[in-house]
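An overview of the molecular structure
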Amino acid sequence: MMKNITLYVNGDKKELFVPSHKMLLDVIREDLHLTGTNKGCDSGDCGACIVILDGKSVNSCLVLAVDADGKELLTIEGLGNQEGLHPLQQAFMEKGAVQCGFCTSGMIMASKALLDNNPLPTEEEVRTALTGNLCRCTGYISIVEAVLSVPVEGGK
Ligand code: FES
Ligand code: FES
């Protein structure tokens, strides 16, 4: 069955007609053409697909698009661009927290959700917030350093 849904994507209202079984991740990538959100495991284990939905970080591979109807969706494309990076993006670059980059958008979105609720997290709180994000390259130290280095006013 197909359904009409409305998503508020990075500040823009989008009307979509989607199969009721289609996952939000696939709608983001295939219908909205926002490919910064990655598909790794497609089963909730890797965090590569994390986006912020109504202020909370979610694994978009586990959310039905129809269940996101009417909600605010923030993806990595809503944070910054090459002309004006978000402070988290800048920090990840400066700390060498990006290698292959496959995990990076999910890491940054999960980190943003953390900083939005807790602008001055401890190292333990950062590590806890990122337990659902797998990285095969960095060893996590540079990622945690990057999140901790973001200025309070820049975390939002
Ligand atoms: S693709 Fe969603 S958690 Fe891995
Ligand atoms: S930078 Fe390669 S998986 Fe994290």
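Fair warning: this is a prediction, and the values are worked out from it, not measured in the lab.

**Some details on the packing of helix H2 (residues 87-94) against helix H3 (residues 104-117)**
Where H2 meets H3, the closest approach of the two axes is 10 Å, and the angle between their N-to-C directions is 125 degrees. Accordingly, the angle class assigned to the pair H2 and H3 is oblique. Considering how the two elements wind past one another, H2 and H3 form a crossing that is right-handed. Where H2 abuts H3, its residues Leu88, Gln89 and Phe92 lie against Thr104, Ile108, Ser111 and Lys112. Per-class residue counts for the contact of H2 with H3 are 3 nonpolar, 3 polar and 1 charged.

**Observations concerning the domain arrangement of the protein chain**
According to the domain assignment, the protein chain contains domain 1 (2-77) and domain 2 (87-150). The centre of domain 1, based on its C-alpha atoms, is set 21 Å off from the matching centre of domain 2. The partner domain 2 presents 13 residues to the 15 residues of domain 1 that form the contact. Put simply, the parts of the chain that give the side of domain 1 that touches domain 2 at least two residues each are strand S3 (50-53) and strand S4 (56-59). The biggest single contributor to the side of domain 1 that touches domain 2 is S3, with 3 residues. When its residues are assigned to classes, the side of domain 1 that touches domain 2 shows 7 nonpolar, 7 polar and 1 charged.

**With respect to the nonpolar core**
By size, the foremost hydrophobic cluster in this structure holds 46 residues, and its most contacted members are Val51, Ala65, Met109, Ala110 and Ile143. If you list the elements that add at least two residues to this core, you get strand S1 (2-9), helix H1 (24-31), S3, strand S5 (72-74), H2, H3, helix H4 (123-129) and helix H5 (141-149). Among the elements that line this core, the one with the most residues is H3, at 7 residues. Split by domain, this core shows at least three residues from each of two domains, domain 1 (2-77) and domain 2 (87-150). When sequence neighbours within four positions are dropped, the list of residues in contact with isoleucine 143 reads Ala97, Met107, Leu130, Cys135 and Thr138.

**Here we look at H2**
Looking only at H2, the buried set comprises Pro87, Leu88, Gln89, Ala91 and Phe92. Where H2 is buried, its residues meet H3 and H5.

**A short note on the sheet that holds S1**
One open sheet accounts for 5 strands, arranged S2-S1-S5-S3-S4; its pairing is mixed. Looking at which strands have only one partner, the edges of the open sheet turn out to be strand S2 (12-19) and S4. The mean inter-strand angle of the sheet, taken between neighbouring strand axes irrespective of direction, is 40 degrees.

**Details of unusual backbone geometry**
Backbone geometry places asparagine 10, a non-glycine residue, at a positive phi of 50 degrees. Relative to the elements of secondary structure, asparagine 10 occurs in the loop between S1 and S2. In this model, aspartate 54 sits at a positive phi of 45 degrees, which is unusual for a non-glycine residue. Following the sequence through the fold, aspartate 54 ends up in the loop between S3 and S4.

**What to know about the pairing of S3**
Each regular strand shows side chains that alternate between the opposite faces of the sheet. As judged from the 4 bridges shared by S3 and S4, these two strands associate in the antiparallel manner. Note that in S4 the partner of valine 51 across the bridge is valine 58. Taken together, S3 and the strand that follows it, S4, pair antiparallel across an intervening segment of 2 residues, in which aspartate 54 is found at a positive phi of about 45 degrees. Across 2 bridges, the pairing between S3 and S5 is antiparallel. Each residue of the ladder has a partner; that of leucine 53, found in S5, is leucine 73.

Analysis parameters
- Residues numbered from 1 in each chain as written.
- Chains lettered and ligands numbered in written order.
- Predicted model: local features only at pLDDT ≥ 70, side-chain atom pairs only at ≥ 80, totals over all residues.
- Axes fitted to C-alpha atoms, helices over the stretch in contact; angles between N-to-C directions.
- Helix = DSSP H or I, 4+ residues; strand = E, 2+ residues; numbered from the N terminus.
- Parallel < 35°, antiparallel > 145°, perpendicular 65-115°, else oblique.
- Left-handed = near helix turned anticlockwise from the far one by under 90°.
- Contact = placed C-beta atoms within 7 Å.
- Nonpolar A, V, L, I, M, F, W, Y, C, P; charged D, E, K, R; others polar.
- Domains from an automatic or database assignment.
- Core = buried A, V, L, I, M, F, W, Y, C linked by C-beta atoms within 7 Å.
- Buried ≥ 20, exposed ≤ 12 C-beta atoms within 10 Å, placed from the backbone.
- Pairing = 2+ DSSP bridges.

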